[in-house]
Amino acid sequence: MSETLSLHIGQSRLELIEGDIVTQAVDAIVNAANEALQQGGGVCGAIFRAAGVDQLQRACNAVAPCPTGEARITPGFALPARYVIHAVGPIFNLYAPEEADRLLVSAYHSSLALARQYGLQSIAFPSIATGIYGFPVERAAPLVLRALVDDLRLHQAPALVRMVLWRDTFPIYRAALKQMQA
Ligand code: AR6
């Protein structure tokens, strides 16, 4: 059994788990997308394959493009999740580091705002931008956890925010959470 870390923030819960986001039975999973909302590699490729490539791509085309730092929503089709929220993180090398930080945090806030707009109770995020887009995960983890906690404190929704982390990134997010609680 893999470990689940959990933090209560008012009425909401922030969870960290190690796993595969496509299997998550939540109201929405977040895709680490590109601005054109085209099927790519990494977690994006896995989400498209599990949802059904043709139907998810058609739905993405209808709401594309999505500027960096923003998010768009489509149905989840064959996924256990009802919706996919496509959030675009920054390509780390294209920006000054502080601007990349701002855009990364913005991708998370935009996703949460969409979830609230649709009345969703649960949302699962991958570690946006820390794969192909090259955002250092050690830099992202504390920033992202702080942004999620602040957002939940302010809005008290959705009820569940789960970070679903691939093997490589889980220990780094776990350490960042422990550091934040210290
Ligand atoms: N579940 C959870 N996390 C995963 C999974 C999974 N099934 N698969 C990979 N990860 P990346 P980015 C982790 O590269 O950096 C695509 O082509 C992975 O280990 O998927 O935002 C898009 O279309 C890493 O920690 O996304 C864009 O063009 C994290 O997910 C571009 O890549 C994100 O890595 C976006 O790059």
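Above this text you will find the structure in question.
Fair warning: this is a prediction, and the values are worked out from it, not measured in the lab.

Calculation notes
- Residues numbered from 1 in each chain as written.
- Predicted model: local features only at pLDDT ≥ 70, side-chain atom pairs only at ≥ 80, totals over all residues.
- Heavy atoms only, no water.
- Helix = DSSP H or I, 4+ residues; strand = E, 2+ residues; numbered from the N terminus.
- Rg over C-alpha atoms; globule rule 2.2 N^0.38 Å.
- Buried < 20%, exposed > 50% of the residue type's maximum accessible area, 1.4 Å probe, protein only.
- Contact = heavy atoms within 4.5 Å.
- Areas by Shrake-Rupley, 256 points an atom, 1.4 Å probe, with all protein chains shown as cover.
- Lys, Arg positive; Asp, Glu negative; His and termini not counted.
- Charge placed at Lys NZ, Arg CZ, Asp CG, Glu CD.
- Expected span 1.5 Å × (residues − 1).
- Pairing = 2+ DSSP bridges.
- Axes fitted to C-alpha atoms, helices over the stretch in contact; angles between N-to-C directions.
- Core = buried A, V, L, I, M, F, W, Y, C linked by side-chain atoms within 4.5 Å.
- Phe/Tyr/Trp six-rings, centres within 6.5 Å; stacked < 30°, edge-to-face > 60°.
- Lys NZ or Arg CZ within 6 Å of the ring centre and 35° of its normal.
- Parallel < 35°, antiparallel > 145°, perpendicular 65-115°, else oblique.
- Left-handed = near helix turned anticlockwise from the far one by under 90°.
- Nonpolar A, V, L, I, M, F, W, Y, C, P; charged D, E, K, R; others polar.

Q: I keep staring at the overall build of the chain and nothing clicks. Help me out?
A: A tally of helices and strands in the chain yields five helices and seven strands. The order of helices and strands in the chain, counted from the N terminus, is β-β-β-α-α-β-β-α-β-α-β-α. In terms of overall size, the chain behaves like a compact globule, its C-alpha atoms giving a radius of gyration of 15 Å where 182 residues would be expected to give roughly 16 Å. A burial count over the chain gives 49% of its 182 residues as buried. The contacts of the chain with a sequence gap of at least 6 include a subset with a gap of at least 24, amounting to 68%. Accessible area of the chain: about 8,200 Å², with a carbon and sulfur share of 53%. Across the chain, 14 positive and 15 negative side-chain charges occur, with their mean positions spaced 5 Å apart.

Q: Sorry, what's going on with helix α3 (residues 97-117) here?
A: Spacing of three or four residues puts side chains on the same side of an α-helix, whose turn is 3.6 residues. Along its 21 residues, α3 runs 30 Å from first to last C-alpha, staying within 8% of the 30 Å computed at 1.5 Å per residue. Of all the positions in α3, only Ala-100, Asp-101, Leu-103, Leu-104, Val-105, Ala-107, Tyr-108, Ser-111, Leu-112, Leu-114 and Ala-115 are classed as buried. Of the residues flanking the end of α3, it is Gly-119, one or two places downstream, whose phi is positive at about 70°.

Q: Please explain the sheet that holds strand β3 (residues 28-33) as it appears in this structure.
A: Note: strands within a sheet are paired through backbone hydrogen bonds, in either parallel or antiparallel orientation. Pairing is mixed across the open sheet formed by seven strands, whose spatial order is β1-β2-β7-β6-β3-β5-β4. Of all the strands in the sheet, the pair left with one neighbour each is β1 (4-9) and β4 (71-75). With strand direction ignored, the average angle separating the axes of adjacent strands in the sheet is 20°. Of the strand pairs in this sheet, β3 and strand β5 (residues 83-88) are connected by six bridges, and their pairing is parallel. Note on β5: the bridge partner recorded for Ala-33 is Val-88. Contacts from helix α2 (residues 53-63) reach β4 and β5, with the element oriented near 140° to β4. Here helix α4 (residues 137-155) sits on the sheet in contact with β1, β2 (12-18), β6 (122-125) and β7 (160-165), set at roughly 155° to β2.

Q: How do you make sense of the nonpolar core when you look at a structure like this?
A: When a protein is soluble and globular, its nonpolar side chains tend to lie buried together. The biggest cluster of nonpolar side chains holds 40 residues, and the ones touching the most others in it are Phe-125 and Tyr-173. Looking at this core element by element, the count peaks at eight residues for α4. Leaving out residues up to four positions away in the same chain, Tyr-173 has contacts with Leu-16, Tyr-108, Ser-127, Val-137, Ala-140, Ala-141, Val-144, Leu-145, Met-163 and Leu-165. Formed by 20 residues, the second largest nonpolar core is a distinct cluster that contains Val-22, Ile-29, Ala-33 and Cys-60.

Q: In this structure, what is going on with the packing of aromatic side chains? I would like to understand it.
A: For any two aromatic rings, the description comes down to two numbers: the centre-to-centre distance and the angle of the planes. Per the stated rule, a full pass over the model turns up three aromatic pairs. Ring plane angle 65° and centroid distance 5.6 Å describe the contact between Tyr-83 and Tyr-118, whose orientation is recorded as edge-to-face. Pair noted here: Tyr-83 is in strand β5 and Tyr-118 is in the loop between α3 and β6, with a separation of 35 residues, a long-range link. A ring pair is formed by Phe-92 and Phe-135, whose centres lie 4.8 Å apart and whose planes are at 65°; its orientation type is edge-to-face. Residue Phe-92 is located in the loop between β5 and α3, and its partner Phe-135 is located in the loop between β6 and α4; the two are separated by 43 residues in the primary sequence. One Lys or Arg, Arg-167, reaches over the ring of Trp-166 and ends 5.1 Å from the middle of that ring.

Q: Please clarify how the pairing of β5 should be interpreted in this entry.
A: Across a regular strand the side chains alternate sides, sitting on one face of the sheet and then on the other. With five of six residues buried, β5 lies mostly within the body of the structure. With five bridges connecting them, β4 and β5 associate as antiparallel partners. Note on β5: the bridge partner recorded for Ala-71 is Ala-87.

Q: Would you explain the packing of α4 against helix α5 (residues 170-181) in this entry?
A: Put simply, α4 and α5 touch, their axes get as near as 9 Å, and they point 50° apart. The orientation of α4 relative to α5 falls into the category oblique. Of the two possible hands of crossing, α4 and α5 adopt the one that is right-handed. Counted together, Val-137, Glu-138, Ala-140, Ala-141, Pro-142, Val-144, Leu-145, Arg-146 and Val-149 of α4 and Ile-172, Tyr-173, Ala-176, Leu-177 and Met-180 of α5 form the full contact between these two elements. Partitioned by chemical class, the residues of the contact of α4 with α5 number twelve nonpolar, no polar and two charged.

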